[in-house]
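A look at the structure
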Amino acid sequence: MTSSRAAFVMIGLLVASGASAQEPGIIDRDPPPSPPAPAVAPEPEPVPVPEPVPVPVPEPVPAPGPGVSGISDKAPAAAPQAGSGVEFTVHGGWQWRFGHESAFPLDETGYEDGLSDSLVQRLRLKPVARFPARVRLVTSFDLLAGQVWGDELPATTPTGRPTGREVLIWPAESGAFTRATLREAYVEWTSSAGRLTVGQQASSWGLGMVASDGEDRDGAFTDAVHGDLVDRVMFVTRPLEAFGLGDAFSKGLHLALAGDFVFRDDNADALDGDRAFQGVAALFWQRGATLAGVYAAYRHQTFDNGDLLRVTMLDASARHSFPLPSGLALTAEAEGAILFGRTDAVALARAPDGMDVLSWGMVARAELDASRIRLRPGIELGVASGDPDPSDGTMRAFSFDPDHQVGMILFQDVLARTTVSAAGRVADPALLKDPPHGYDLSATNGSITNAVYLYPRVRYRPIPDLEIRAAFLWARALAPVTDPYNTALAGGYPRSHRGGAAGKGLGWEADLGATWRIPVRDLLAFHVGVQGGVFRAGDAFADAAGDTLPTVWKVRALADVTF
């Protein structure tokens, strides 16, 4: 979950210097098949619940401002073990990504981090066991996951200042197991009363704006690499059926209650000492081509340094498919959320006891399925609130979950790497003896934040196993994009990361890709592809002379096997 991170660094630095600043579908993937009915007399109809049940993760504070995408991990189920009464399936995929990106300056000194080339792999296995009495054991593992070759981000620059590497969720460093993890291990029991799940699960809701399960999204130009993992006890039921109601509305209405301990997301990591707990209540209605729901989630988090975060997230999401004449179909979906609460991770002269949190975000998406001509055009509009006055004691910048991505360069690389470098400058002992409290929350880690964007795209299949996709991204910040270091040096007057006047124009990018699928009977499939994009920066990245970044370009070669 996300909130107002960028404000932390600017506020802390300005105070120290004495200055003042001016794809709802609950899950966008194919759920595993429901457990088979036992060979006994019919029993009451079980609760049909999407998997996993939509339970988001409230995010603390957002910052300023997916393989061969479209490859599915879905695979045919293995045959039941003879005479065991247990069905066992295992599927997954092994993906390889080579990427090369042109260099660009991260500040007014012309500093470049040297991250141009990388070769990354991920082997993901998903074993599932189905037992009698409607019980399933679901597991998921990421093995051999990490960068196996490529450029690495050192701890310091050639001049000796910190690079900001410590603020990254996934630092650029080589190691075949750096991202390996147990993703899921939970037991699910479905009865006439509802569905009970206990164990570690990937959390997802709506379009993945505030919580994403880390699965690759069909049609994306970026891989999902994070994923919100929670240790959860959850129960889902149809509440109106307890009163004997069996109409269509009652059968479609579901209530979900859950209690979570957050194992890992983009704001907490239990292995690093963070302790985050959540309580969630969700009410959603699902029937046919319509799905809509709301939830409320409360999060209490203690960071590894003792700082507290207490926030509430309210979210609404909806999705509906409309059949159209001539065999066309239109799918429309939207999600909106508001986050409010308080944290003491930052203390200011105007807010010595901590900061209030109040931020919001929204996404709307539509896609036309013109299967007769093998064309699927779509468009997405998103907004993440910014913070025009980060020193007023209220954090207003909202960040999407890092796995909700558009394009392949602007948010993933240009803003992500620029804000990492800025965090490193703020932590430089030559500037301050001790860095501002909360400076480590300044890096966006690829999240969409402080932005409004428009993202039209189209997918075309000239033949069944070849897909060509193209996309265009335009984005603008809601509040000026400021650099805390340069702003402090300018006496509080907002300055950009490259020393120019702070602007709002983020820029535009154009992306193109192709994927070819090679099936091998019904056992597995190979996928190969190539993607490329160009990005032109706006005035948010201008230097003192008014010149913005040079054109940034990126290419990727993709190879997967799914089984």
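Heads up: these notes are all about the structure in this document. Position numbers for residues start from 1 in each chain and track the written sequence from start to end. The predicted origin of the model limits local features to residues at a pLDDT of at least 70 and limits the giving and counting of side-chain atom pairs to 80 or more, whereas totals for whole chains, interfaces and linings rest on all residues. Neither water nor hydrogens contribute to the side-chain values; these are computed over all heavy atoms in the structure.

1. Quick look at the pairing of strand β5 (residues 195–203)
The cut-offs for exposure are 20% and 50% of the maximum accessible area for each residue type, with area from a 1.4 Å probe on protein chains only; residues under the lower value are buried, those over the upper are exposed, and the others partly exposed. In this text, helices come from DSSP runs of H or I with a minimum length of four residues, and strands from runs of E with a minimum of two, each type numbered from the N-terminal end. Counting buried residues in β5 gives seven out of nine residues, a clear majority hidden from the surface. At least two DSSP bridges between two strands are needed for those strands to be called paired. The pairing of strand β4 (residues 181–190) with β5 spans six bridges and is antiparallel. Along β5, the bridge assignment pairs Y186 with G199. The loop that links β4 with its antiparallel partner β5 comprises four residues; one of these, G194, has a positive phi angle of about 160°. Inspection of the sheet shows β5 paired to strand β6 (residues 228–237) by nine bridges, in the antiparallel sense. Paired with Q200 across the bridge in β6 is D231.

2. A few points about a nonpolar patch on the surface
Taken together, I379, L381, L454, F472, W474, W508, V534, W553 and V555 make up a surface patch of nonpolar side chains, about 740 Å² in accessible area. Only β13 (375–384), β16 (466–476) and β19 (552–562) provide two or more residues apiece to the nonpolar patch. Tracing the chain through its elements places L454 in strand β15 (residues 451–463). When its relative accessible area of 35% is taken as the criterion, L454 is described as partly exposed. Patch membership is restricted to residues that have no salt bridge and whose relative accessible area is over 30%. Joining uses 9 Å for like charges and 5 Å for the nonpolar side chains Val, Leu, Ile, Met, Phe, Trp and Tyr. Residue exposure ignores everything except the shown protein chains as possible cover, and the areas themselves are Shrake-Rupley values with a 1.4 Å probe. Salt bridges are defined by distance alone: a side-chain nitrogen of Lys or Arg within 4 Å of a carboxyl oxygen of Asp or Glu.

3. Regarding helix α3 (residues 410–426)
Taking 1.5 Å per residue as the helical rise, α3 with its 17 residues ought to reach 24 Å, and the 23 Å between its terminal C-alpha atoms agrees with that figure. Bend angle per residue: angle between axes fitted to the 7 residues ending at that residue and the 7 residues starting there. Along α3, the helix axis deviates most sharply at A416, where the bend reaches about 25°. Among the 17 residues that make up α3, 17 are buried, leaving the element largely enclosed by the rest of the structure. By this rule the span expected of a helix is its residue count minus one, scaled by 1.5 Å.

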